Amino acid sequence: MSIKHNSQINFEIGLDENKVPEEIYWTAKDGGIDNEESKAIMISVWDHKKKDTLRMDLWTKEMPVDEMKQFYHQTLVSMADSFERATDDQKMSATMRDFCDYFAEKLELK
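Residues numbered from 1 in each chain as written. Predicted model: local features only at pLDDT ≥ 70, side-chain atom pairs only at ≥ 80, totals over all residues. Heavy atoms only, no water.

The name given to the chain in an unreviewed UniProt entry is Gliding motility protein GldC, with the source organism recorded as Polaribacter sejongensis.

Here it is, written out as structure tokens:
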């Protein structure tokens, strides 16, 4: 199979003098995103050689704690959905969603 198209996702992070994020902008032209502002990002990359996950979590000084809680909840829900699509493991996906409901309840998100 030969590659027919390349796509890029770019992040631009504005840092203060202590290298703490103050601004986050991202572009994904194929997705219709052009230099959009964000307050937080989570990136996970699978290193297939080391069988390990590489992660980068960034958030700006201006990210409110209540929005951070909502961001984590929505990320967990999307991970459960993605896990089900990737593995077709409906039982574990349902268990993950149960935890998401518990998480939301304890944080009073719902």
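More follows now that the structure is in view.
Points about unusual backbone geometry
For clarity, the threshold we go by: Each helix is a run of DSSP H or I of at least 4 residues and each strand a run of E of at least 2, with the numbering of both proceeding from the N terminus.
Phi is positive for Lys19, which is not a glycine, with a value near 65 degrees. Looking at where Lys19 falls in the secondary structure, it is placed in the loop between strand 1 (10-15) and strand 2 (21-28). The phi angle at Asn35 is positive, at roughly 55 degrees, despite the residue not being glycine. Assignment of secondary structure puts Asn35 in strand 3 (residues 33-38).

Considerations on helix 1 (residues 65-87)
Using the following cut-off: What a helix is expected to span follows from its residue count: subtract one and scale by 1.5 Å. We call a residue buried when its accessible area falls under 20% of the maximum for its residue type, exposed when it is over 50%, and partly exposed in between, using a 1.4 Å probe and counting protein chains only. Note on definitions: a residue-residue contact is assigned when non-hydrogen atoms from the two residues lie within 4.5 Å.
Compared with an ideal rise of 1.5 Å per residue, which puts 23 residues at 33 Å, helix 1 spans 33 Å between its outermost C-alpha atoms and is within 8% of the ideal. Those residues of helix 1 lying buried are Met68, His73, Thr75 and Ala80. The inward-facing, buried residues of helix 1 contact strand 4 (40-47), strand 5 (52-59) and helix 2 (90-106). Once helix 1 finishes, Asp88 follows within two positions and takes phi at roughly 60 degrees, a positive value.

A few points about the pairing of strand 5
Put simply, the rule reads: If DSSP finds at least two bridges between two strands, the strands pair.
By the bridge criterion, eight bridges tie strand 4 to strand 5 in an arrangement that is antiparallel. By the bridge assignment, Met42 is partnered in strand 5 with Asp57. Hairpin connection, strand 4 to strand 5: the antiparallel pair is bridged by four residues, and Lys51 has positive phi, about 55 degrees.

Description of the side chain of Asp16
To be explicit about the condition: In protein, a polar contact means a hydrogen-donor-capable atom and an acceptor-capable atom, both N or O and within 3.5 Å, with residues adjacent in sequence counting only if both atoms are side-chain atoms; elsewhere, any N or O pair within 3.5 Å suffices.
Among the structural elements, Asp16 can be located in the loop between strand 1 and strand 2. On the basis of relative accessible area, Asp16 is assigned to the buried category, the value being 9%. Of the polar contacts made by the side chain of Asp16, one reaches the backbone nitrogen of Val20; its length is 2.9 Å.

A word on helix 2
Here is the rule we go by: Working definition: the arc comes from the directions between the helix axis and the C-beta atoms, pointing outward to the latter.
When the terminal C-alpha atoms of helix 2 are compared, their 24 Å separation across 17 residues agrees well with the 24 Å that a helix rising 1.5 Å per residue should span. Among the residues of helix 2, those classed as buried are Ser93, Cys100, Phe103 and Ala104. Axial view of helix 2: buried residues confined to an arc of 95 degrees, hence all on one face. Exposed and facing more than 90 degrees away from the buried side of helix 2 are Lys91, Asp98, Glu105 and Lys106. Its buried side turned inward, helix 2 meets helix 1. The N-cap residue of helix 2 is Asp89: its side-chain oxygen and the backbone nitrogen of Lys91 are 3.4 Å apart. One or two steps after helix 2, the chain reaches Glu108, where phi turns positive at roughly 55 degrees.

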